Every structure is written in structure tokens, then in C-alpha cells.
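# Analysis of the macromolecular model
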Amino acid sequence: NSVDLISFVREHNVALVTELGPHNFRSMGDRRMPVAIAVRDPDDAAKSDALVADLRQFAKNGEPAIRNRYLYAKMDGKRWGTFLSQFSIEQSNLPELFVLDIANKKYFENSTIVGVEKFLTAVAKGEIEER
């Protein structure tokens, strides 16, 4: 029926990698899945674009057992620097990937683990301590 179709579309109408900001932060949290966030450095477009590309590639083709645990987003690390500082994201480490579980008010951050697949696998396996 059309009500079910509209409900399905609303629930699943999210970009592969969403630009995260105040306009959609709550709705991403309402999906009750952790969000893997690529925090970009606008002063280092090459590295930032590479991180977002790796995130997009993993979101499309990563191991389903890991990939399907997350939603995917990107944020401007300078513009949202004050907000991101509560998650141990430092300007000097940008670009950086972290996982934010909005619904459960916890996050996973470890700037020493490099690579989208390696980081998200470590989070899924409990190798990165939640905060």
C-alpha cells in the first residue's frame, strides 16, 4: 500500500555518504545505527577527498558483515571543530575517521589506526574502546 511505500522511502532515503550537519544530525541519529564520519580538512583537499573516496568505496563494496553495521557521513572539520572536539578530534589530525553512535551517546576514535576498512573492522570487533 502507498503508506508503506512512503514509509519505506523515508526510512531508506539517505545518500551513500551524507554531508552531516545541524540540518540532519537528529534524523541520522533516529536511524539508530552508528555513523562512520570522515572529518575533512578543507585546507588539505587531496587527503580529505581520498578519505571520503575510501569511505564511499567501503560503503559500496566493503565486507557486508562490517559495512552493514554503519551509516556513512562526512563533515567539515574546521567548520564544526568545536563540536568535534568533544569526540577527541583534533585539527592537527585531520582528515580523520571516527564512529559516532548518536542514539547510544558513545563514540569510537583512534587516530593511530589508518584506513577505513581497518578502522571500521576494529570498531566492529571491539578493538577500539568506546567512549
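## Some thoughts on helix 6 (residues 116-124)
Where helix 6 is concerned, the buried positions are Val 116, Phe 119, Leu 120, Thr 121, Ala 122 and Val 123. As for helix 6, its buried residues are in contact with strand 2 (35-40), helix 3 (45-61), helix 4 (64-67), strand 3 (71-76), strand 4 (96-101) and strand 5 (106-108).

## Structural notes on the pairing of strand 4
Extensive coverage of strand 4 is indicated by the burial of six of its six residues. Side chains Glu 96, Phe 98 and Leu 100 of strand 4 all project onto a buried face; the interleaved residues Leu 97, Val 99 and Asp 101 project onto the opposite face, where all are buried too. One ladder, built from five bridges, connects strand 2 with strand 4; its direction is antiparallel. Residue Ala 38 lies in a different strand from strand 4, and its bridge partner there is Leu 97. Relative to strand 5, strand 4 is paired through three bridges, and the arrangement is antiparallel. Residue Val 99 lies in a different strand from strand 5, and its bridge partner there is Phe 108. Counting the residues in the hairpin turn of strand 4 and strand 5 gives four residues, including Lys 105, whose phi is positive at 55°.

## A look at the packing of aromatic side chains
Evaluation of the coordinates by the stated rule reveals six aromatic pairs. Here the aromatic rings of Tyr 70 and Tyr 72 are separated by 6.4 Å at their centres, their planes lie at 65°, and the arrangement is edge-to-face. Both residues of the pair, Tyr 70 and Tyr 72, count as buried.

## Some words on the pattern of salt bridges
Pairing between side chains of opposite charge can happen when their charged atoms approach one another. Counted by the stated rule, this structure contains four salt bridges. Salt-bridge contacts for Asp 43 lead to Lys 78; the nearest nitrogen and oxygen are separated by 2.4 Å. Pair noted here: Asp 43 is in the loop between strand 2 and helix 3 and Lys 78 is in the loop between strand 3 and helix 5 (81-85), with a separation of 35 residues, a long-range link. For Lys 78, a relative accessible area of 43% gives the class partly exposed.

## Regarding the pairing of strand 3
Counting buried residues in strand 3 gives six out of six residues, a clear majority hidden from the surface. Taking every second residue as pointing to the same face, both faces of strand 3 are buried, with Leu 71, Ala 73 and Met 75 on one and Tyr 72, Lys 74 and Asp 76 on the other. Note: strand 1 (residues 18-19) against strand 3, two bridges, orientation parallel. Following the sheet pairing, Glu 19 is matched in strand 3 by Lys 74. With six bridges connecting them, strand 2 and strand 3 associate as parallel partners. Its bridge partner being in strand 3, Val 35 is matched across the sheet by Leu 71.

## Overview of the packing of helix 3 against helix 6
Relative to each other, helix 3 and helix 6 sit at 60°, their axes nearing to 9 Å. Taken together, the axes of helix 3 and helix 6 are oblique relative to one another. Only Val 116, Glu 117 and Leu 120 of helix 6 make contact with helix 3, whose side of the interface consists of Leu 51, Asp 54, Leu 55 and Phe 58. Grouping the constituent residues of the contact of helix 3 with helix 6 by class yields five nonpolar, no polar and two charged.

Rules behind the numbers
- Residues numbered from 1 in each chain as written.
- Predicted model: local features only at pLDDT ≥ 70, side-chain atom pairs only at ≥ 80, totals over all residues.
- Heavy atoms only, no water.
- Buried < 20%, exposed > 50% of the residue type's maximum accessible area, 1.4 Å probe, protein only.
- Helix = DSSP H or I, 4+ residues; strand = E, 2+ residues; numbered from the N terminus.
- Contact = heavy atoms within 4.5 Å.
- Pairing = 2+ DSSP bridges.
- Phe/Tyr/Trp six-rings, centres within 6.5 Å; stacked < 30°, edge-to-face > 60°.
- Salt bridge = Lys/Arg side-chain N within 4 Å of Asp/Glu carboxyl O.
- Axes fitted to C-alpha atoms, helices over the stretch in contact; angles between N-to-C directions.
- Parallel < 35°, antiparallel > 145°, perpendicular 65-115°, else oblique.
- Nonpolar A, V, L, I, M, F, W, Y, C, P; charged D, E, K, R; others polar.

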